[in-house]
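# Commentary on secondary and tertiary structure
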Amino acid sequence: MSTSRRRTNRRVVDEEIEDAQPGQDASQSQRRGSNRQAPRRARSQPESDDGLEVEDDEAPIDVDNLADAPITDSAALTIKGYAQDWGRIQERIMQSARTITEVGEATADAAEGQEREKGIKDLDKVMRELIDVAADMNAHEMSLEDIHGRLVAGEEIVGLREKYKADVVERMNAYNSKTSRQKYAKVKEYATFREQVFQVEHPDEPMPPVSEFIPKEDGDESDDDDMEVGGVSQTFTCPLTLGVLKDPHTSKLCGHSYSGAAIKDYFNSGRKGERKQCPAAGCSTQLARSDVEEDAALARRVKLWERRQKRAQEKADEDVDEVVE
């Protein structure tokens with residue numbers, strides 16, 4: 001697909017989002033199959049990856065314009081392009097999860113009492129709304145992917161628009177019928193948000209199951225065993241230097257972390273290209289140097305932890321001074 005076509009398809013998707021109206025049901029929707037308002041938010045995302053406007057050399061192709069005649073495999077590439085556009089928007093929306101997590105860490109570190117509790121609660125709500133938006137985008141993407149697969153298989157589709165819209169509605173109805181735990185507890189971005197905020201607040205305690213942060217609802221009973229993931233604690237000590245992590249690097253295989261200079265020296269001490277056992281106590285994972293990468297998120301948490309430790313020590317010193325006086 002050419003650059004111009006990619007720009008065109010993205011613009012068409014944006015137009016569909018802009019035209020969506022809140023509160024529509026399936027029979028009222030004129031532009032989309034789902035009745036969610038959420039994708040309107042995608043409009044706030046950058047219009048292009050490089051920020052440049054590109055003149056289109058062809059008129060936009062709208063899914064609605066393909067509805068009056070049977071659709072055959074000749075339209076498969078176009079349908080695939082639409083699916084990819086929805087996927088790109090979904091990815092760009094979920095990139096905001098990283099910012100929410102960083103704000104959550106800062107709130108957990110700097111705020112106190114009810115202010116901190118309210119701040120984290122508000123961010124949790126925003127994260128869930130973001131996931132709902134992504135689910136809507138995914139419903140459009142998967143519906144078009146399904147149509148694409150049928151076209152490639154040689155099926156002739158009549159009434160594409162109605163089939164597309166009905167499939168999106170069906171997918172979103174299935175999503176909306178889930179409980180909050182079923183929607184969010186297994187989403188990587190939500191779990192990361194809750195984990196990193198918890199680690200700032202309770203650095204020496206194991207992380208409870210993610211589902212414990214989401215109130216239980218009717219229908220959750222049968223899913224508890226499948227969702228219970230917890231018991232993980234974050235250590236800020238390097239297993240090589242036994243000091244606080246400096247320039248943290250983390251293994252992609254076992255998840256253990258090390259100070260950057262220390263783990264590099266560890267690999268340099270062996271033969272070039274040799275795999276070495278993870279230096280963390282009790283871990284037998286064999287690592288190559290390429291399995292370990294810089295961990296900026298952990299570096300940020302280490303700084304927050306050090307700051308909290310310093311404040312706690314200063315408060316303890318003040319208490320001692322008051323007793324002496």
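Further up the page is the structure itself.
Below or above, wherever it landed, is the structure these notes cover.

What counts, and at which threshold
Throughout, a residue's number is its position along its own chain's written sequence, starting from 1. Given that the model is predicted, a residue must reach a pLDDT of at least 70 before its local features are reported, and side-chain atom pairs must reach 80 or more before they are shown or counted; all residues, however, enter totals for whole chains, interfaces and linings. Note that water and hydrogens are dropped before the side-chain values are worked out from all heavy atoms of the structure. Helix and strand assignments come from DSSP, with helices taken as H or I runs of at least 4 residues and strands as E runs of at least 2, each series counted from the N terminus. For the exposure calls, accessible area comes from a 1.4 Å probe over protein chains only, and a residue counts as buried if that area is under 20% of its type's maximum, exposed if over 50%, partly exposed in between. Definition of a polar contact: a pair of N or O atoms within 3.5 Å, with one able to donate and the other able to accept a hydrogen when the atoms are protein atoms, and with sequence-neighbouring residues admitted only if both atoms are side-chain atoms. Residues are treated as being in contact if the distance between any of their heavy atoms lies within 4.5 Å. Strand pairing follows a simple DSSP-based rule, namely that at least 2 bridges must link the two strands. Axis lines are fitted through C-alpha atoms, for helices just across the contact stretch, and the angle between N-to-C directions can take any value from 0 to 180 degrees.

### Side note on the side chain of R116
Inspection of the secondary structure puts R116 in helix α4 (residues 113-152). We classify R116 as buried; its relative accessible area is 19%. Among the polar contacts made by the side chain of R116, one reaches the main-chain carbonyl oxygen of A108 at a distance of 3.3 Å. Setting aside residues no more than four positions away along its own chain, R116 makes contact with T107, A108, A111, E201 and R308.

### Structural notes on the sheet that holds strand β5 (residues 292-294)
A sheet is described by the order of its strands in space; here three strands give the open sequence β2-β1-β5, paired in antiparallel fashion. Strand pairing shows two members of the sheet lacking a second neighbour, β2 (257-259) and β5, which therefore form its edges. In this sheet, neighbouring strand axes are inclined to one another by 35° on average, regardless of whether the strands run parallel or antiparallel. Pairing geometry for strand β1 (residues 248-251) and β2, over three bridges, is antiparallel. The residue of β2 that forms the bridge with H249 is Y258. Lying over the sheet, helix α9 (residues 260-268) contacts β1, β2 and β5, oriented at roughly 95° with respect to β2.

### Observations regarding the environment of A280
One can find A280 in the loop between β3 (276-277) and β4 (286-287). The residues contacting A280, other than those within four sequence positions of it, are P239 and H256.

It is worth stressing that arrangement in space is one thing and function is another; only the former is reported here.
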